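Summary of the model geometry
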Amino acid sequence: MTSAALVPAVLVPSVLVPSHGVGSRQDLPLPFAFLVVGAALALVISFVALGFLWRTPRLRDDDGRLLPQPVPRALDSSWLRGGAVVLALALTAWTLMALAFGADTANNPTPYVVFVWLWIGLAALSLLLGPVWSVLNPMRWLHLAVCRVARIDPDHPLVAYRLGYWPAAVGLLLFTWLELIAPNRTSRLVLGAAVAGFVLVSLIAALLFGRAWFSRGDPFEVLSRLFGSLSLVGRRPDGRWVLRTPLTGVDQIRSGPGLLAATAVLLGSTAYDGFSSEPRWFTFVQTSPVPVLTQTAGLLGFCGLVAGSLWAAAGLAARLGGVPGRGVATAFAPSLVPIAAGYVVAHYWSLAVYSGQVTLALLSDPLGTGANWLGTRGLTPSSALLAPTLVASVQAGAIVLGHLLGIVHAHERALTLFPRRSAIAGQVPMLLLMVGYTVGGLVLLFSS
């Protein structure tokens, strides 16, 4: 497939019948029914084992093994961080040049950078290295530059920030709507309007609320922080770098208004992306008199289903656990983060591997003049990591592992919220929810 054909086939999944993965039921190393039953049994057995072996809260902020001193020194070094920032800002400027002055064709690299490198690449990079966007975020640097020119303290807000994660949740929802539903979303006009709107809103919000805006209000920084909590490398509250379990970081996610909405968007939007490939839904959308509204309703429905099901399960868990239900759903919201990460890895593996390489090739000719400024224009994407059985195994493994981590964290959270005598009973609704998510996720991935 040529790069010109790849954009509509991959980046416009709601217009043409897409496939973000190349695995299918036939590519699995075991029958699909066995996989579903085995995954459900793994969650149930884990739940029973946790009830016997994990009876008191174990996750602490100071958990983790200190990294050898040269590693933290390198991670905190000005040359590494400065080099990463320069690279991020250079890529941003390069992409904006392609957006503003490049050809409005399928070979313009801007949609690839936005929908592949930013959306999927940032999630992957955060899973590996932690919340990197808090360092690389171009909007932070633009805000700092404006404040320096205007001689304003970047940390001084004009208005105290009290919106929690709600702006990030709305921003993530709008971005996924742009990626999955918006008509002509790979065109320079639509992308240019979206980028300009995002920059304007972000800058005004940062000037209004100060730098506190970015940690909870910026959608991409919140995405990076949530997925970055699963990184094996992180900081303790005392600032020291440690090698830790993924759940230690998840347990440190700060609660706040809108956290459930933000995690529900991350999980629900990915689930809807998979569902939108289902032939009956695709046909229904194409025959609808208002396809955009139909797809929007579907996206909102999936996000609402995730949030509503967790809210209902948490409410029932609180009743069984003998505690007031207020705030319980938000307290369990971090348990969705490893599940959402598993969905992202499973659903976007092949897209990231193949189109990530295509992006590098297209970036060598940002203006569409036939140039080869980076020397990568002739790059042929490798398919070494796209063998169908490998992709299917990665997909199934990511789904199951994400849910196992989710159920372990839900167990830990229940032990901190509920009295010990009722903590196990209070987890049963969460177990049933996790099993439902697992089966649903596997069916969406391997529906053909």
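Residues numbered from 1 in each chain as written. Predicted model: local features only at pLDDT ≥ 70, side-chain atom pairs only at ≥ 80, totals over all residues. Heavy atoms only, no water.

**A short note on the packing of aromatic side chains**
As enumerated under the stated definition, the model contains 14 aromatic pairs in all. Seen in terms of ring centroids, Trp 94 and Trp 373 are 5.7 Å apart; in terms of plane orientation they differ by 85°. Their pairing is edge-to-face. Residue Trp 94 is located in helix α4 (residues 78–101), and its partner Trp 373 is located in the loop between α17 (336–362) and α18 (388–417); the two are separated by 279 residues in the primary sequence. Overall, Trp 94 belongs to the partly exposed group, its relative accessible area being 24%. Judged by its relative accessible area of 47%, Trp 373 falls in the partly exposed class. (Phe/Tyr/Trp six-rings, centres within 6.5 Å; stacked < 30°, edge-to-face > 60°. Helix = DSSP H or I, 4+ residues; strand = E, 2+ residues; numbered from the N terminus. Buried < 20%, exposed > 50% of the residue type's maximum accessible area, 1.4 Å probe, protein only.)

**Quick word on empty space enclosed by the protein**
In this approach, a probe sized like a water molecule rolls over the atoms, and the result shows the empty space that is left. Tallying each qualifying case throughout the model produces 4 cavities of 30 Å³ or more. Looking at the largest cavity, its volume works out to about 60 Å³. Along the walls of the largest cavity sit Thr 270, Ala 271, Gly 274, Tyr 343, Ala 346, His 347, Ile 399, Gly 441, Leu 444 and Leu 445, which together make up its complete lining. Counting residues per element, the ones that place at least two in the lining of the largest cavity are α13 (259–275), α17 and α19 (420–445). Among the residues making up the lining of the largest cavity, the classes are represented as 6 nonpolar, 4 polar and no charged. (1 Å grid on protein atoms, 1.4 Å probe; cavity = no way out; pocket = protein on both sides within 12 Å on 5 of 7 lines; lining within 4 Å. Points joined across faces, edges and corners; volume = space filled by probe spheres on them. Nonpolar A, V, L, I, M, F, W, Y, C, P; charged D, E, K, R; others polar.)

**Some words on helix α11 (residues 219–228)**
Among the 10 residues in α11, 9 count as buried, and that is most of the element. All of the buried residues in α11 are Pro 219, Phe 220, Glu 221, Val 222, Leu 223, Ser 224, Leu 226, Phe 227 and Gly 228. Between a side-chain oxygen at the N-terminus of α11 and the backbone nitrogen of Phe 220 the separation is 3.0 Å; the capping residue is Asp 218. (Polar contact = N/O pair within 3.5 Å; in protein donor to acceptor, adjacent residues only side chain to side chain.)

**A closer look at the sheet that holds strand β2 (residues 233–235)**
One open sheet holds the 3 strands; their spatial order is β1-β3-β2, and the pairing between them is antiparallel. Strands with a single pairing partner mark the edges of an open sheet, and in this sheet they are β1 (65–66) and β2. Here β2 runs beside strand β3 (residues 241–243); their pairing, made up of 3 bridges, is antiparallel. Paired with Arg 235 across the strands is Trp 241, a residue of β3. (Pairing = 2+ DSSP bridges.)

**Looking at the packing of helix α8 (residues 166–180) against α13**
Remark: α8 packs on α13, axes separated minimally by 8 Å, with the N-to-C direction vectors making an angle of 15°. The angle between the axes of α8 and α13 places the two elements in the roughly parallel class. In the packing of α8 onto α13, the handedness of the crossing is right-handed. Facing α8, whose interface residues are Trp 166, Ala 169, Leu 172, Leu 173, Thr 176 and Leu 180, α13 presents Ala 261, Ala 262, Val 265, Leu 266, Ser 269, Tyr 272 and Asp 273. (Axes fitted to C-alpha atoms, helices over the stretch in contact; angles between N-to-C directions. Parallel < 35°, antiparallel > 145°, perpendicular 65-115°, else oblique. Left-handed = near helix turned anticlockwise from the far one by under 90°. Contact = heavy atoms within 4.5 Å.)

**A few points about the nonpolar core**
Judged by nonpolar contacts, the single largest core of 97 residues is most densely connected at Trp 119, Phe 227 and Phe 332. Discounting chain neighbours no more than four positions away, the residues touching Phe 332 are Leu 310, Ala 314, Ala 410, Arg 413, Ala 414, Leu 417, Phe 418 and Met 430. Ranked by size, the runner-up nonpolar core spans 8 residues in total, among them Tyr 161, Phe 209, Trp 213 and Phe 214. (Core = buried A, V, L, I, M, F, W, Y, C linked by side-chain atoms within 4.5 Å.)

**Remarks on unusual backbone geometry**
A positive phi angle, near 55°, is found at Arg 151, a position not held by glycine. Note on placement: Arg 151 falls in the loop between α7 (138–150) and α8. You will see that Asn 184, though not glycine, has its phi angle at about 55°, which is positive. The residue Asn 184 is located in the loop between α8 and α9 (188–209) in this model. On the basis of relative accessible area, Asn 184 is assigned to the exposed category, the value being 59%.

**Quick word on the pattern of salt bridges**
One pass over the full model with this rule turns up 10 salt bridges. Between Arg 140 and Glu 221 there is a salt bridge; the shortest N-O distance is 2.6 Å. Taken together, the positions of Arg 140 in helix α7 and Glu 221 in helix α11 put the pair 81 residues apart, joining distant regions of the chain. Across this residue pair, the class does not change: Arg 140 and Glu 221 are buried. Connected via shared salt-bridge partners are Arg 60, Asp 62 and Asp 63. (Salt bridge = Lys/Arg side-chain N within 4 Å of Asp/Glu carboxyl O.)

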